[in-house]
Amino acid sequence: MLLTLTVFLPLAGALVLLCLPRAGQGLARWVALAFSLATFGLAVALAIRFQIGEPGFQLGVNASWVRSLGVRFRLGVDGVSLPLLLLTALLAPLAVVGSWRMRDRPRSYLALLLVLETALLGVFVALDLFLFYIFWEAVLVPSYFLVGSWGGERRIYAAVKFFVYTLLGGLLMLVGIVGLAYLQAKATGSPSFDYEALRDLGKDPVTQRWLFAAFFAAFAIKTPLVPLHSWLPDTYVEAPTTTTVLLAGVMSKMGVYGFLRFSLPLFPDAAHWFQPLMLTLAVVGILYCALVAAGQRDFKRLVAYSSVSHLGFIVLGIFAFNLQGLQGGVFYMVAHGVVIGGLFFVTGMLQARSGTSEMARLGGLQRTMPRMAGVMLVITLAAVALPGLVGFIGEFLTLIGAFLTNRAAAVLGAGGVILGAVYMLWAYQRMWQGTQRGEPNRGASDLDGREWAIVVPLLAAIIALGIFPRPLLERIEPAAKRVAQITADARPGQSGRAAPAPTPKPTP
């Protein structure tokens, strides 16, 4: 019941907002903030009740929904989904606070943000594949309107491109989901979309490859992997800042979460068969997008390409098929969400003051905004994986995992760390140090109370998880071990049925 309430409370808040009179725009902000903060409180309560050391799903609900089709309303959390649940619940109220001064239909905008939060939460906890698909596609609707109605000059182009790309990928995944249900019906006499039932279903290697490819289409576009990434820079740049924070901080994790939750456990033989391709795409994404980011003149677009590059590290860790890579991949999802959210928040604050995010028109900002410069420095150092900050743990574990599996991929991927440091520090130097450019920059104000309310939680997470990663890692470890065991038990050419994890023998 607690998990269900956590998922649908933002949706209830959106309905309340729509019932408010149009004159109550100020009240709408407080209502949206109250519902988003209450959702965060419930997510924290779930984390407190979560049993450390348990690899299975917890705190869930399992009820019949569409009996004739074998569809169930089943939710649950484990060490993979809990961190993403907390990340979503953290960024949503910060996005509401970031939208506080919006003058263009704030009630509708905040209602769509809350609908988007419910859809994102549902993706990470759905354990029925039909229900998962509903949440997956539900993310598209508020995202499309948030970008298309409140975005920049090219908002319609960006929104349509984003919608078409992700919708086509989702439809191919639906074909794979229906195919799995058909195989279940053929084996047992009745269809089922239950995740664990489909995970334990025997599937021959060739069938696995076709099904893996169907799911790959959706997950690769959402991640996104090169060359399916072209929708992302336009969407991130044209979207309002607070929408970009949720898209980059949370929605981009849907693809890598899908690979870890579904592609590896459901199709372990196919995952091994596709492993060389996936590692290659990860390395290409890391290096190519890092090089493209280094050539950008607009800081918001630089951060967008940087996001794609860093997501490649997560894919690299997941397809290493070992505990270090999988554990690092999940940790890096959280680290990336916090860091990229901070980068886009500060970019939005700069745009509000100077009217631009072009680095050539910015410079010497630390003279007039020393506090914002300090905040940006911490976030930048986290983005370049400075030890002691949250980015280092994720990159280190994913590269260690990749090195144990494929040394060439790990070494090439490590080049992205160097390139990331180059373009991020170079951008910081151009924007915050040197000679001031433009009269608006000379009179710009520093962080105010509302902006401190946004950046302080992010800075706390960046520093706390960088220094004390164990609380998060120990919750991730059992679930990551289970996935590593499933992939270890499967080899190309063998049966795709994943054997249960063996009971470890006591050490003599």
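Residues numbered from 1 in each chain as written. Predicted model: local features only at pLDDT ≥ 70, side-chain atom pairs only at ≥ 80, totals over all residues. Heavy atoms only, no water.

## Some details on the overall build of the chain
Scanning the chain from terminus to terminus reveals 21 helices and two strands. Its C-alpha atoms put the chain at 70 × 55 × 45 Å along the principal axes. Classification of the 508 residues of the chain by burial places 60% in the buried group. Taking the intrachain contacts of the chain between residues at least 6 apart in sequence as the baseline, contacts between residues at least 24 apart amount to 81%. As displayed, the chain has an accessible area near 18,800 Å², and 65% of this comes from carbon and sulfur atoms. Computed over 39 positive and 24 negative side-chain charges, the inter-centroid distance for the chain is 2 Å. (Helix = DSSP H or I, 4+ residues; strand = E, 2+ residues; numbered from the N terminus. Buried < 20%, exposed > 50% of the residue type's maximum accessible area, 1.4 Å probe, protein only. Contact = heavy atoms within 4.5 Å. Areas by Shrake-Rupley, 256 points an atom, 1.4 Å probe, with all protein chains shown as cover. Lys, Arg positive; Asp, Glu negative; His and termini not counted. Charge placed at Lys NZ, Arg CZ, Asp CG, Glu CD.)

## Some points on the packing of aromatic side chains
This structure, assessed with the given rule, holds 29 aromatic pairs. With 6.1 Å between their ring centres and 45° between their planes, Phe8 and Phe135 make a pair best called tilted. A residue pair is termed long-range when its members are at least 10 positions apart, and Phe8 in helix 1 (residues 2-19) and Phe135 in helix 5 (residues 129-138) qualify at 127 residues. Taking relative accessible area as the criterion, Phe8 reaches 28% and is therefore assigned partly exposed. With centroids separated by 5.3 Å and ring planes inclined at 75°, the aromatic side chains of Tyr109 and Trp150 adopt a geometry described as edge-to-face. Taken together, the positions of Tyr109 in helix 4 (residues 106-125) and Trp150 in helix 6 (residues 140-150) put the pair 41 residues apart, joining distant regions of the chain. (Phe/Tyr/Trp six-rings, centres within 6.5 Å; stacked < 30°, edge-to-face > 60°.)

## Thoughts on helix 20 (residues 449-467)
Helix length check: helix 20 (19 residues) gives 27 Å between terminal C-alpha atoms against 27 Å at 1.5 Å per residue, within 8%. Every buried residue of helix 20 is accounted for by Arg450, Glu451, Ile454, Val455, Leu458, Leu459, Ala461, Ile462, Leu465 and Gly466. Those residues of helix 20 that are buried are in contact with helix 3 (81-98), helix 15 (323-354), helix 16 (370-383), helix 17 (390-405) and helix 21 (470-489). With a side-chain oxygen positioned 3.2 Å from the backbone nitrogen of Arg450, the residue opening helix 20 is Asp448. (Expected span 1.5 Å × (residues − 1). Polar contact = N/O pair within 3.5 Å; in protein donor to acceptor, adjacent residues only side chain to side chain.)

## Overview of unusual backbone geometry
Residue Thr223 is joined to Pro224 through a cis peptide bond whose omega torsion reads -10°. If you trace the backbone, Pro224 turns up in the loop between helix 9 (205-222) and helix 10 (231-238). Cis geometry is adopted by the peptide bond preceding Pro227, which originates at Val226 and carries an omega value of 15°. Mapped onto the elements, Pro227 comes out in the loop between helix 9 and helix 10. Despite not being glycine, Arg105 has its phi angle at roughly 50°, a positive value. By the element assignment, Arg105 lies in the loop between helix 3 and helix 4.

## Let's talk about the side chain of Ser263
You can see Ser263 is positioned in helix 12 (residues 253-266). When residues no more than four places from it in sequence are discounted, the contact partners of Ser263 are Phe212, Phe215, Phe219, Gly258, Pro268 and Ala271.

## A word on the pattern of salt bridges
A complete count under the given rule lists 15 salt bridges for this structure. The residue Arg101 makes a salt bridge to Asp448 at a minimum N-O spacing of 2.7 Å. Separated by 347 residues along the polypeptide, Arg101 in the loop between helix 3 and helix 4 and Asp448 in the loop between helix 19 (439-442) and helix 20 bring together distant segments of the chain. Residue Asp448 is classed as partly exposed on the basis of its relative accessible area, which comes to 22%. (Salt bridge = Lys/Arg side-chain N within 4 Å of Asp/Glu carboxyl O.)

## A closer look at the nonpolar core
The biggest cluster of nonpolar side chains holds 181 residues, and the ones touching the most others in it are Leu129, Phe319, Leu343 and Trp432. Beyond its immediate stretch of four places on either side in the chain, Trp432 contacts Val346, Leu350, Gly364, Leu365, Gln366, Met369, Met372, Ala373 and Met376. (Core = buried A, V, L, I, M, F, W, Y, C linked by side-chain atoms within 4.5 Å.)

## A closer look at the packing of helix 12 against helix 15
Where helix 12 contacts helix 15, the axes come no closer than 10 Å and their chain directions differ by 160°. The angle between helix 12 and helix 15 falls in the class roughly antiparallel. Once helix 12 is placed against helix 15, the crossing between them reads as left-handed. Where helix 12 approaches helix 15, its residues Lys253, Val256, Tyr257, Leu260 and Leu264 are matched on the opposing element by Leu326, Val330, Met333, His336 and Gly337. Among the residues making up the contact of helix 12 with helix 15, the classes are represented as seven nonpolar, two polar and one charged. (Axes fitted to C-alpha atoms, helices over the stretch in contact; angles between N-to-C directions. Parallel < 35°, antiparallel > 145°, perpendicular 65-115°, else oblique. Left-handed = near helix turned anticlockwise from the far one by under 90°. Nonpolar A, V, L, I, M, F, W, Y, C, P; charged D, E, K, R; others polar.)

## So, the confidence of the model for the chain
Averaged over all residues, the pLDDT of the chain is 88; the fraction at 70 or higher stands at 94%. Below pLDDT 50 for its whole length, residues 493-508 participates in 18 contacts with residues either more than four positions away or in separate chains. (pLDDT = per-residue confidence, 0-100.)

## Here we look at the pairing of strand 2 (residues 71-77)
Across the seven residues of strand 2, six count as buried, placing the element largely inside the fold. Pairing geometry for strand 1 (residues 58-66) and strand 2, over six bridges, is antiparallel. For Val61, the partnering residue across the bridge sits in strand 2 and is Leu75. What sits between the antiparallel neighbours strand 1 and strand 2 is a turn of four residues, in which Gly70 has the positive phi angle 75°. (Pairing = 2+ DSSP bridges.)

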